[in-house]
Amino acid sequence: FSVSIGIFILSYAGHACLPEIYTSMEHPEKFEKVLDICFVIMFFTYSGMALFGYLQYGRATAVIITQNLVSNETSTVQIVIAKTLIGLVIA
């Protein structure tokens, strides 16, 4: 459990690039609103991935969900669904 919390929290650790983004914006006064929207989108994306991973694999869900893809018990349909979801998260 503690590893998954660390992964979830550290996925938001891109703060080092924020000053550069702020200075390059045409309308820097909109920075906070854009940042809030991005973090909300990220939260729902990660939460959705966690929910669908749990629904797909149940209590057997690995902390790093891609580890479930190499299971011998996984059907082709499950692999396609999982790879699609991972592709959507990465894209």
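Residues numbered from 1 in each chain as written. Predicted model: local features only at pLDDT ≥ 70, side-chain atom pairs only at ≥ 80, totals over all residues. Heavy atoms only, no water.

Participant: Residue-level account of the packing of aromatic side chains, with values.
Facilitator: Enumeration according to the criterion identifies two aromatic pairs in this entry. Ring geometry for Y22 and F31: centres 5.2 Å apart, planes at 80°, overall edge-to-face. Judged by its relative accessible area of 40%, Y22 is partly exposed. Between the aromatic rings of F43 and F44, the centroid separation amounts to 5.4 Å while the plane-to-plane angle is 75°, which identifies the pairing as edge-to-face. (Phe/Tyr/Trp six-rings, centres within 6.5 Å; stacked < 30°, edge-to-face > 60°. Buried < 20%, exposed > 50% of the residue type's maximum accessible area, 1.4 Å probe, protein only.)

Participant: Describe empty space enclosed by the protein, naming the residues involved and giving the relevant values.
Facilitator: Under the definition given, this model contains one cavity of 30 Å³ or more. Roughly 70 Å³ of internal volume is contained in the largest cavity. Looking at the largest cavity, it is lined by eleven residues, and the ones nearest its centre are G53, Y57, I65, A82 and L85. Secondary-structure elements contributing two or more residues to the lining of the largest cavity are α3 (31-57) and α4 (76-90). No other element matches α3, which puts five residues into the lining of the largest cavity. Its residues assigned to classes, the lining of the largest cavity shows nine nonpolar, two polar and no charged. (1 Å grid on protein atoms, 1.4 Å probe; cavity = no way out; pocket = protein on both sides within 12 Å on 5 of 7 lines; lining within 4 Å. Points joined across faces, edges and corners; volume = space filled by probe spheres on them. Helix = DSSP H or I, 4+ residues; strand = E, 2+ residues; numbered from the N terminus. Nonpolar A, V, L, I, M, F, W, Y, C, P; charged D, E, K, R; others polar.)

Participant: Now, about the environment of I81: what can you tell me, with residues and values included?
Facilitator: Tracing the sequence through the fold places I81 in helix α4. Owing to a relative accessible area of 39%, I81 belongs among the partly exposed residues under this scheme. Taking the C-alpha atoms as reference, I81 lies 9.1 Å from Q56; in sequence the two are 25 residues apart.

Participant: Describe in detail the packing of α3 against α4, supporting the description with residues and values.
Facilitator: Two elements in contact, α3 and α4, have axes whose closest approach is 11 Å; the angle formed by their N-to-C orientations is 170°. On the basis of the axis angle, α3 is roughly antiparallel to α4. Each of T45, M49, F52, Q56 and Y57 in α3 lies in contact with α4, whose residues at this interface are Q78, I81, A82, L85, I86 and V89. Split by residue class, the contact of α3 with α4 holds eight nonpolar, three polar and no charged. (Axes fitted to C-alpha atoms, helices over the stretch in contact; angles between N-to-C directions. Parallel < 35°, antiparallel > 145°, perpendicular 65-115°, else oblique. Contact = heavy atoms within 4.5 Å.)

Geometric values such as these leave the question of function open.
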